[in-house]
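The primary structure of each chain is shown beneath.
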Amino acid sequence: MDFAKLDERRLSIVSRVVDPDFLDLPWDVPLIDWTHPRMATVARGLSRHTVRFVRYDDQIFALKETAQKPAEIEYRILRVLHDDFALPTVEPTAVVNGRTTAANTGPSGNAAQALGAVIITRYLDFSLPYRYLFGSENSEPYRQRLLDALVVLLVRLHLHGVVWGDCSLSNTLFRRDAGSLAAYLVDAETSESHPSISKELRLNDVEIGCTNIAGGLFDLQSEGRLPVDVDPVSIIDGLRRRYNELWSELTRVDEFDPSERFRIDRRVARINRLGFDIGEIAIERSADGSRLWIKPIVVEEGHHHRVLLGLTGLSVQENQAQRLLGAITAYGAWLEATEHRKQPTAVRAYRWLSERYEPLLEM
């Protein structure tokens, strides 16, 4: 959509959906003053903009009021991140421009006043603000995994050449997804997409995030929602260290002979020791060898035990289950590289069980 062709004096809704069309909302009223029946209350983080939520049947949408240009830029960048790169972000739905207050035709004769643009995104179901989760009661077991989820999000953005620009607790949502823990970007107003990202831009983005998150943690402590014995500076140092470790491990390219399957196992084990699970592993054949690519995820307690039990029937403790699932993933990647065909998860598990695990037990 070419936003420049839109008439700024007339209401325009550029939307990716036909239903709802959002035409029944009071666009001639400032967002902060809305009292419409469709208004919904959901968990949300802090925002420097006015943000309201509306419900259409079982769908909830977030509406953020801002200036026209930032709204158009954010809509475009969210479409790139969500549609083109399949990154964990909220889904952009529409942009509303040309809003004005209703003209007063009475004796005072007040002319219509311009109102801000609104960007509409689909609310992320079953999610909670990262800031809320970090400061809730009994949150200590989650803190490290939540920080790891944020680290994974930053690394994934940077791998795609995306500078977030405003990483913070308030600009992140968190949810469980099939046993994994994921952080989602919800505010891309300051984000930029590049063909590639320089080390300077990348590290500056990390430092902005560290500064913002530290400020959020100190705010939580001042509100009494975070124990005073929790050291935000130590947490930020850990976040920075985890980012550097994961970036290094994921961006290093291993060249190896297909017969050296043990090198895949070692790479998976290093990722696991960093506290991350393997969401996907791929081997690309090239003229001068093979290249290894890995996608990390963060999982909650008991996830590996449940997955391994479902795939193989083996019931073991969580840490052992994680190692065995890593072995299954690595063995499946080796099978694909040597047999030149995709191996579904169930087939990977069965072949590992019958070709590796059971023969080892028999020995």
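Our subject is the structure listed above.
Let me sum up the structure you'll find in this document. (Residues numbered from 1 in each chain as written. Predicted model: local features only at pLDDT ≥ 70, side-chain atom pairs only at ≥ 80, totals over all residues. Heavy atoms only, no water.)

## Here's the deal with the pattern of salt bridges
In total, this model carries 19 salt bridges according to the counting rule given. Ionic pairing is found between Arg 38 and Asp 24, a salt bridge with its closest N-O pair at 2.7 Å. Residue Arg 38 is located in the loop between strand E1 (12–15) and strand E2 (39–40), and its partner Asp 24 is located in the loop between E1 and E2; the two are separated by 14 residues in the primary sequence. Close ionic contact of Arg 240 with Asp 237 constitutes a salt bridge, the shortest N to O distance being 3.2 Å. (Salt bridge = Lys/Arg side-chain N within 4 Å of Asp/Glu carboxyl O. Helix = DSSP H or I, 4+ residues; strand = E, 2+ residues; numbered from the N terminus.)

## Looking at the packing of aromatic side chains
In total, this model carries 8 aromatic pairs according to the counting rule given. On the numbers, 5.6 Å between centres and 25° between planes, the contact of Tyr 331 with Trp 334 is stacked. One end of the pair, Tyr 331, and the other, Trp 334, are both in helix H8 (residues 318–339), 3 residues apart, so they sit about a helical turn from each other. Each residue in the set Phe 22, Tyr 56 and Phe 61 is aromatic and connected to the rest through ring pairs, giving one cluster. (Phe/Tyr/Trp six-rings, centres within 6.5 Å; stacked < 30°, edge-to-face > 60°.)

## Section: the packing of helix H7 (residues 303–312) against H8
Angle between the axes and distance between the axes: these two values describe a pair of packed helices. Interhelical geometry of H7 versus H8 gives an angle of 55° and a closest axis separation of 8 Å. Classified by the interaxial angle, the pair formed by H7 and H8 is oblique. Classified by chirality, the crossing of H8 by H7 is left-handed. In contact with His 303, His 304, His 305, Val 307, Leu 308, Leu 311 and Thr 312 of H7, H8 contributes Glu 318, Ala 321, Gln 322, Leu 324, Leu 325 and Ile 328. Of the residues contributing to the contact of H7 with H8, the split by class is 7 nonpolar, 5 polar and 1 charged. (Axes fitted to C-alpha atoms, helices over the stretch in contact; angles between N-to-C directions. Parallel < 35°, antiparallel > 145°, perpendicular 65-115°, else oblique. Left-handed = near helix turned anticlockwise from the far one by under 90°. Contact = heavy atoms within 4.5 Å. Nonpolar A, V, L, I, M, F, W, Y, C, P; charged D, E, K, R; others polar.)

## Here we look at the environment of Ile 281
Structurally, Ile 281 can be placed in strand E13 (residues 277–286). With 51 residues separating them along the chain, Ile 281 and Gly 332 place their C-alpha atoms 9.0 Å apart.

## Quick word on helix H9 (residues 345–362)
Its 18 residues place the ends of H9 24 Å apart at the C-alpha level, agreeing with the 26 Å of an ideal helix rising 1.5 Å per residue. Of all the bends in H9, the largest measures some 40° and sits at Leu 353. Taken residue by residue, H9 has Arg 348, Ala 349, Arg 351, Trp 352 and Leu 353 as its buried positions. (Expected span 1.5 Å × (residues − 1). Bend = angle between axes of the 7 residues up to and from the residue. Buried < 20%, exposed > 50% of the residue type's maximum accessible area, 1.4 Å probe, protein only.)

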